[in-house]
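Structure at a glance
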Amino acid sequence: MRENIPLVSNDAVVLAILLAILGLVFYTSSSKHPFFRQFYRIVPTILLCYFVPALLNTFGVISGEDSGLYFVASRYLLPASLVLLTLSIDLKGILKLGPKAVIMFFAGSMGIVVGGPLALWVVSWFVPEVLGTQGAEETWRGLATIAGSWIGGSANQTSMLEVFGASPALFSQMIAVDVIVANVWMAVLLYGAGIPDKIDRFFKADNSAIIELQEKVKKYREGIMRIPTLSDTMAIIGLGFGVTGVAHLVGDSLGPYVRQNHPSLIQYSLDNTFFWIVIVATTGGLLLSFTRARNLEGAGASRLGSVLLYVLVATIGMQMDLAAVLENPLFFLIGMLWMLFHVLLMLGIAYWIKAPFFFVAVGSQANVGGAASAPIVASAFNPSLAPVGVLLAVLGYAVGTYGAYICGLLLQFVSNL
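Residues numbered from 1 in each chain as written. Predicted model: local features only at pLDDT ≥ 70, side-chain atom pairs only at ≥ 80, totals over all residues. Heavy atoms only, no water.

1. Some details on the overall build of the protein
If you tally the helices and strands in the protein, you get 18 helices and 0 strands. Relative to a compact globule of 417 residues, whose C-alpha radius of gyration would be 22 Å, the protein shows 21 Å and is just as compact. For the C-alpha atoms alone, the extent of the protein along its principal axes is close to 65 × 50 × 45 Å. Summed over its atoms, the accessible surface of the protein is roughly 18400 Å², and 68% of this surface lies on carbon and sulfur atoms. Side-chain charges in the protein split into 22 positive and 22 negative, and the spacing between the mean points of these groups amounts to 17 Å. (Helix = DSSP H or I, 4+ residues; strand = E, 2+ residues; numbered from the N terminus. Rg over C-alpha atoms; globule rule 2.2 N^0.38 Å. Areas by Shrake-Rupley, 256 points an atom, 1.4 Å probe, with all protein chains shown as cover. Lys, Arg positive; Asp, Glu negative; His and termini not counted. Charge placed at Lys NZ, Arg CZ, Asp CG, Glu CD.)

2. Some points on the side chain of S67
Relative to the helices and strands, S67 resides in the loop between α3 (45-58) and α4 (69-86). Given a relative accessible area of 13%, S67 falls into the buried group. A distance of 2.8 Å separates the side chain of S67 from the side chain of D11, its partner in a polar contact. Not counting residues up to four positions away in its chain, the partners in contact with S67 are D11 and M318. (Buried < 20%, exposed > 50% of the residue type's maximum accessible area, 1.4 Å probe, protein only. Polar contact = N/O pair within 3.5 Å; in protein donor to acceptor, adjacent residues only side chain to side chain. Contact = heavy atoms within 4.5 Å.)

3. Overview of a nonpolar patch on the surface
Residues M110, V114, L118, W121, W125, F126, L345, F413 and L417 make up a contiguous nonpolar surface patch of about 1000 Å² in total accessible area. Considering each element in turn, the nonpolar patch owes the most residues, 6 residues, to helix α6 (residues 100-126). By the secondary structure assignment, V114 is in helix α6. What makes V114 partly exposed here is its relative accessible area of 34%. (Patch = residues over 30% accessible without salt bridge, like charges linked within 9 Å, V, L, I, M, F, W, Y side chains within 5 Å. Salt bridge = Lys/Arg side-chain N within 4 Å of Asp/Glu carboxyl O.)

4. Here's the deal with the nonpolar core
One finds W150, W338, F358 and I376 to be the most contacted residues of the largest nonpolar core, which totals 128 residues. Those residues in contact with I376, other than ones at most four positions away along the chain, are I46, M186, L190, L309, L312, V313 and I316. (Core = buried A, V, L, I, M, F, W, Y, C linked by side-chain atoms within 4.5 Å.)

5. Details of the packing of aromatic side chains
For the structure shown, the criterion picks out 14 aromatic pairs. Note on W140 and F164: the rings are 5.5 Å apart at their centroids and 75 degrees apart in plane angle, and the pair reads as edge-to-face. You can see W140 sitting in helix α7 (residues 139-151) and its partner F164 sitting in helix α8 (residues 154-164), a full 24 residues away along the chain. Here W140 matches F164 in class, with each residue buried. A connected cluster of aromatic rings, assembled from ring pairs, spans F35, F36, F39 and Y40. One cation-aromatic arrangement involves R75 over F274; the distance from NZ or CZ to the ring centre is 4.4 Å. (Phe/Tyr/Trp six-rings, centres within 6.5 Å; stacked < 30°, edge-to-face > 60°. Lys NZ or Arg CZ within 6 Å of the ring centre and 35° of its normal.)

6. A look at α6
The terminal C-alpha atoms of α6 lie 38 Å apart, and with 27 residues this matches the ideal 39 Å at 1.5 Å per residue to within 8%. Of all the bends found along α6, the most pronounced is centred on G115 and spans about 30 degrees, while P117, a proline, follows it within four residues. (Expected span 1.5 Å × (residues − 1). Bend = angle between axes of the 7 residues up to and from the residue.)

7. Thoughts on the side chain of D178
Within the element layout of this structure, D178 appears in helix α9 (residues 168-192). Of the buried charged residues, D178 lacks a salt bridge, with R75 as the closest side chain of opposite charge at 13 Å. Within polar-contact distance, the side chain of D178 engages the side chain of W150 at 2.8 Å.

8. Thoughts on the pattern of salt bridges
Scanning all chains against the criterion turns up 2 salt bridges. When the shortest N-O distance is used, the salt bridge between E138 and R141 registers 2.9 Å. Linking R226 and D232 is a salt bridge whose minimum nitrogen-to-oxygen distance equals 3.2 Å.

9. Some details on the environment of T401
Position of T401 relative to the elements: it lies in helix α18 (residues 386-415). In the structure, T401 is positioned 248 residues away from G153 in sequence and 9.2 Å away in space, judged by C-alpha atoms.

10. Structural notes on the packing of α7 against helix α16 (residues 357-368)
Here α7 crosses α16 at 130 degrees, and the two axes come no closer than 4 Å. Viewed along their axes, α7 and α16 adopt a mutual orientation that is oblique. Packed against α7, whose contacting residues are S149, W150 and I151, the element α16 presents A366, N367 and V368 at the interface. (Axes fitted to C-alpha atoms, helices over the stretch in contact; angles between N-to-C directions. Parallel < 35°, antiparallel > 145°, perpendicular 65-115°, else oblique.)

11. What to know about the environment of L55
By the secondary structure assignment, L55 is in helix α3. In this structure L55 comes out as partly exposed when scored by relative accessible area, which is 31%. Spatially, the C-alpha atoms of L55 and L82 are 27 Å apart, while their sequence positions differ by 27 residues.

Here it is, written out as structure tokens:
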């Protein structure tokens, strides 16, 4: 990883830079100037919010590794945004989306399980020394930790580290591969979220259920829209962060309780505090959607939720250091091939069952990115769809350890051929 001191290390200044980037991107995206109108037809707004901070991190202006902003955004802003984005959700509409979302999620998981061993096997044909290491330095041991991250999350990744025993040095290199490859793929998904209709036409996909849900939510919002007062805005903020506080209270209690009293549940990530924070925040938002709090959507609840989510997008972007690819290009080659196999399997199954690109994107990100980024990709299609990303990411927590363990055994098998 980069060891140079960033040009800007004060998080207050870094936050100001990120907010300025977001402000500039959204200001120019609404401009009537011909250049900007043409530019944003090609480049989605959310992709810029993600990629510009990544460039600043890569060139040493800021440092995602040294900053605490991502932790704050993921633990506080993300839960609050989930509450606000789910206030107006049509739960029946989500259920009507059908089984294709779950099918594509498991297709993504299978792509990770099989893709890793395939990528290692292909690269070993051209570079046999990739299999020549011994003991804790064996490449397959490190790749197994990536499988844990890409199917479940950081808790599953740590579990695979303990199970397969990769060395600390190898593990640190694999973290770089994990972050860079996953973030590059997320950038591709965000671009695709800007042109879903074109992709769906190419795959002859049936996206009628998604469009119907979006239109229903849109009509509801238009029917209750009003100019927000200060009281409205304070109620929205209080509700979002109030539920977030409850989520932290529950997470801080249940996580350690499960760890100490029910160790058998650790494999399902039920000892993970962040898991409970996301679950409680989403559940709180869904429960509030059945109350009068739902009417706060007319005062811009989802808009404020999107603001919080875009701050998270910027902090995720600043985690990506493209220069890290140069440190061990062989591992990155395996990682990119691995992701390619994952994508090809998902696209093949999507074409077969005529699943819309939304299910491909969210199913993939629920695996690879987890609860922190799956809602971002879902909301890039439409804010009303953010809960779909959360629900699938939670499914990833449940199956992550099993899938990663199987992948680790397959990686070991390939290494012993």
